[in-house]
Amino acid sequence: MCEYCGCQAIAAIDELTREHDTVVNLTGDVRAAHAAADVPRMADLARRIAAVLGPHTAVEEEGLFPALAGDFPDHVAALRGEHRVVEAVLAEAAAGTPDDPAWPARLLDTLDLLREHILKEQDGVFPAALANLSTQDWAVVDEVRAARKGS
């Protein structure tokens, strides 16, 4: 993952990056479960990914994105849209193993989208945040994170 700009020296970015790493690792487990035709395991892993992404997405959408939207409105809008797509597919497994036989393939396609999304954030959003966010903006990001940890 990204290490070239120094953005991981910011605690909030470091934590978001570690969450990305966790999701990428879980995605590999989903692919292994798919290869074993273990759809219940895929659903369990989808719930674990959703659990990581819930607070992660809140930090991005309530902390980072508002501070960047003025300079990068189209990029931020696209990332928000990708969040909705990923959330929708993961939510299909929220109550258990989806009955839809097309869901495993849909999940894999969505995880491909998520991987590309992570790269956009790490190679674009995080360095842009490092360059553009003020001390007050970072305080908002930290407040959102703290609120999510408390809930």
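As a reminder, the structure under discussion sits directly above these lines.
Below: a short report on this structure. (Residues numbered from 1 in each chain as written. Predicted model: local features only at pLDDT ≥ 70, side-chain atom pairs only at ≥ 80, totals over all residues. Heavy atoms only, no water.)

## Describing the overall build of the chain
Move 1: Helix and strand counts for the chain stand at 5 helices and 0 strands.
Move 2: Each helix and strand of the chain, placed in order from N terminus to C terminus, yields the pattern α-α-α-α-α.
Move 3: Relative to a compact globule of 151 residues, whose C-alpha radius of gyration would be 15 Å, the chain shows 16 Å and is just as compact.
Move 4: Seen along its three principal axes, the alpha-carbon backbone of the chain occupies a region of about 50 × 30 × 25 Å.
Move 5: With 151 residues in all, the chain has 40% of them scored as buried.
Move 6: For the chain, the exposed area adds up to about 7,400 Å²; of that, 55% sits on carbon and sulfur atoms. (Helix = DSSP H or I, 4+ residues; strand = E, 2+ residues; numbered from the N terminus. Rg over C-alpha atoms; globule rule 2.2 N^0.38 Å. Buried < 20%, exposed > 50% of the residue type's maximum accessible area, 1.4 Å probe, protein only. Areas by Shrake-Rupley, 256 points an atom, 1.4 Å probe, with all protein chains shown as cover.)

## Focus: the environment of proline 66
Move 1: Mapped onto the elements of the fold, proline 66 is located in helix H2 (residues 39-69).
Move 2: As for proline 66 and aspartate 142, which are separated by 76 residues in sequence, their C-alpha atoms are 14 Å apart.
Move 3: Those residues in contact with proline 66 that lie beyond four places of it in its chain are Glu60, Glu61 and Arg80. (Contact = heavy atoms within 4.5 Å.)

## A look at H2
Move 1: Here H2 contains 31 residues, and its C-alpha end-to-end distance of 38 Å is more than 12% below the 45 Å for a straight helix at 1.5 Å per residue.
Move 2: Maximum bend of H2: about 30°, positioned at glutamate 61.
Move 3: Structurally, the start of H2 carries an N-cap: the backbone nitrogen of arginine 41 is 3.0 Å from a side-chain oxygen of aspartate 38. (Expected span 1.5 Å × (residues − 1). Bend = angle between axes of the 7 residues up to and from the residue. Polar contact = N/O pair within 3.5 Å; in protein donor to acceptor, adjacent residues only side chain to side chain.)

## Quick word on unusual backbone geometry
Move 1: At alanine 37, a residue that is not glycine, the phi angle is positive and equals roughly 55°.
Move 2: Structurally, the position occupied by alanine 37 is in the loop between helix H1 (11-35) and H2.
Move 3: Owing to a relative accessible area of 63%, alanine 37 belongs among the exposed residues under this scheme.

## Overview of helix H3 (residues 73-91)
Move 1: The terminal C-alpha atoms of H3 lie 27 Å apart, and with 19 residues this matches the ideal 27 Å at 1.5 Å per residue to within 8%.
Move 2: The inward-facing, buried residues of H3 contact H2 and helix H4 (103-132).

## A few points about the environment of leucine 107
Move 1: Mapped onto the secondary structure, leucine 107 falls in helix H4.
Move 2: Note: C-alpha distance between leucine 107 and methionine 42 (65 residues apart in sequence) is 8.6 Å.
Move 3: Setting aside its immediate chain neighbours within four residues, leucine 107 contacts Val30, Met42, Ala46, Val89 and Leu90.

## Topic: the packing of H1 against H2
Move 1: Contact pair H1 / H2: the axes reach a minimum separation of 10 Å and the direction vectors enclose 160°. In terms of orientation, H1 lies roughly antiparallel with respect to H2. For the element pair H1 and H2, the recorded crossing hand is left-handed. Residues Ile13, Leu16, Glu19, His20, Thr22, Val23, Leu26, Thr27, Asp29, Val30, Ala33 and His34 of H1 pack against Arg41, Met42, Leu45, Arg48, Ile49, Val52, Leu53, His56, Val59, Glu60 and Leu64 of H2. (Axes fitted to C-alpha atoms, helices over the stretch in contact; angles between N-to-C directions. Parallel < 35°, antiparallel > 145°, perpendicular 65-115°, else oblique. Left-handed = near helix turned anticlockwise from the far one by under 90°.)

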